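Structural overview
Spelled out from the first residue to the last, the chains are:
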Amino acid sequence: MTTIDHAHIRQSVAKYFKWIMFSHTWEGEEPTLKDVNLVESVWKLDGSSLNEKLRQFCKTAREDGYRWAWSDTCCIDKDTSAILSQSLIAMYSWYEKAAETLIYLADVSSSVELGDLALTNSRWMTRAWTLQELLASKVVRFYNRDWKLYLNDTHANHKESPAIKQELAKAMGVAPETIMSFRPKDLGVREKLRLASTRNATVEEDIAYSLIGIFSSDIVPRYGLGKTALGHLLENIVARTGDVTVIAW
């Protein structure tokens, strides 16, 4: 009788299908799903700088042993509202379950040194969606604009790098432990809102929708609501937590 090693099968499948996420700041007309489908491959996109950014992400992912890589620019069908909404709701979980998140700092040069606080002052630290991407991810690595590791730090996980962890914690005003192992229940409502208040978004509704995972909210994203989207999120938080003080935020 043949014995099936289920544990080995699960391990092999998990290793094969592990994926890496991309965290970055949008810089203009980023390549979309439609753009990639039109030419059938990211490698066939034209030579624009933003297409090259996507290719460099894929190249780095492949060099690190990943067969699967995800970028918000071209891995969501943004022309289909139902798919877009489902993706925004699932986003936190995708980053949380990923094997790694590669964070690209487009405005940080290779020449920066410890103490320059280049990460602290980067545009990436000001964007709404990147807060969720940082907190949800278990393993992250920061790359500068030349696709070199930030501060030449070779830690496998930059959340465990003393220098980077301390810089992040000081910049955000949280304990280093929060950076390393965040869970939505770890921080109070007002502390989460404080962190969110330091971030901004190009699309007004994204201020609310980028917080869905952090607050374990079940609101359904819908664009065209403007500031009302944030109101819906706060109402949902009050209903779920009973904390009415958030109304004054």
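Relevant structure appears above.
Overview of the structure.

Rules used throughout
Residues numbered from 1 in each chain as written. Predicted model: local features only at pLDDT ≥ 70, side-chain atom pairs only at ≥ 80, totals over all residues. Heavy atoms only, no water. 1 Å grid on protein atoms, 1.4 Å probe; cavity = no way out; pocket = protein on both sides within 12 Å on 5 of 7 lines; lining within 4 Å. Points joined across faces, edges and corners; volume = space filled by probe spheres on them. Helix = DSSP H or I, 4+ residues; strand = E, 2+ residues; numbered from the N terminus. Nonpolar A, V, L, I, M, F, W, Y, C, P; charged D, E, K, R; others polar. Contact = heavy atoms within 4.5 Å. Buried < 20%, exposed > 50% of the residue type's maximum accessible area, 1.4 Å probe, protein only. Pairing = 2+ DSSP bridges. Right-handed = clockwise from strand over helix to strand, strands pointing away. Core = buried A, V, L, I, M, F, W, Y, C linked by side-chain atoms within 4.5 Å. Polar contact = N/O pair within 3.5 Å; in protein donor to acceptor, adjacent residues only side chain to side chain.

The computed volume of the largest pocket comes to approximately 590 Å³. Surrounding the largest pocket, 22 residues form its lining, Trp26, Asp72, Trp129, Val203 and Asp206 being those nearest its centre. Elements with a contribution of two residues or more to the lining of the largest pocket: helix H4 (81-97) and helix H5 (128-136). At 4 residues, the largest contribution of residues to the lining of the largest pocket is made by H5. A class-by-class count of the residues in the lining of the largest pocket yields 10 nonpolar, 6 polar and 6 charged.

This part takes up the environment of Thr60. For Thr60, the position within the fold is in helix H3 (residues 49-63). In this structure Thr60 touches Leu102, Tyr143 and Trp147, once residues within four positions along its chain are discounted.

This part is about the pairing of strand E3 (residues 100-104). Strand residues, when the strand is regular, have side chains that alternate between the two faces of the sheet. Counted residue by residue, E3 has 5 buried out of 5 residues, so it is predominantly covered. Residues Glu100, Leu102 and Tyr104 of E3 are buried on one face, and the alternating residues Thr101 and Ile103, pointing to the opposite face, are buried as well. As defined by bridge partners, E3 adjoins strand E4 (residues 140-143) across 4 bridges and the pair is classed as parallel. Within the sheet, the bridge partner assigned to Thr101 lies in E4 and is Val140. The handedness of the E3 to E4 crossover, carried by H5, is right-handed.

With that out of the way, let us pick up the nonpolar core. Formed by 50 residues in total, the largest nonpolar core has its most connected members in Leu119, Phe142, Tyr150 and Met172. Elements with a contribution of two residues or more to this core: H4, H5, E4, helix H6 (162-172), helix H8 (189-197), helix H9 (206-209) and helix H10 (228-241). Those residues in contact with Met172 that lie beyond four places of it in its chain are Met125, Leu131, Leu134, Leu135, Ile179, Arg194 and Leu195. Residues Phe22, Val42, Leu54 and Trp147 belong to the second largest nonpolar core, which totals 16 residues.

Bringing the environment of Asp46 into the picture now. Inspection of the secondary structure puts Asp46 in the loop between helix H2 (33-39) and H3. Given a relative accessible area of 52%, Asp46 falls into the exposed group. Residues Asp46 and Glu160, spaced 114 residues apart in sequence, show a C-alpha to C-alpha distance of 37 Å. Looking at Asp46, its side chain comes within polar contact range of the side chain of Asn51, at 2.8 Å.

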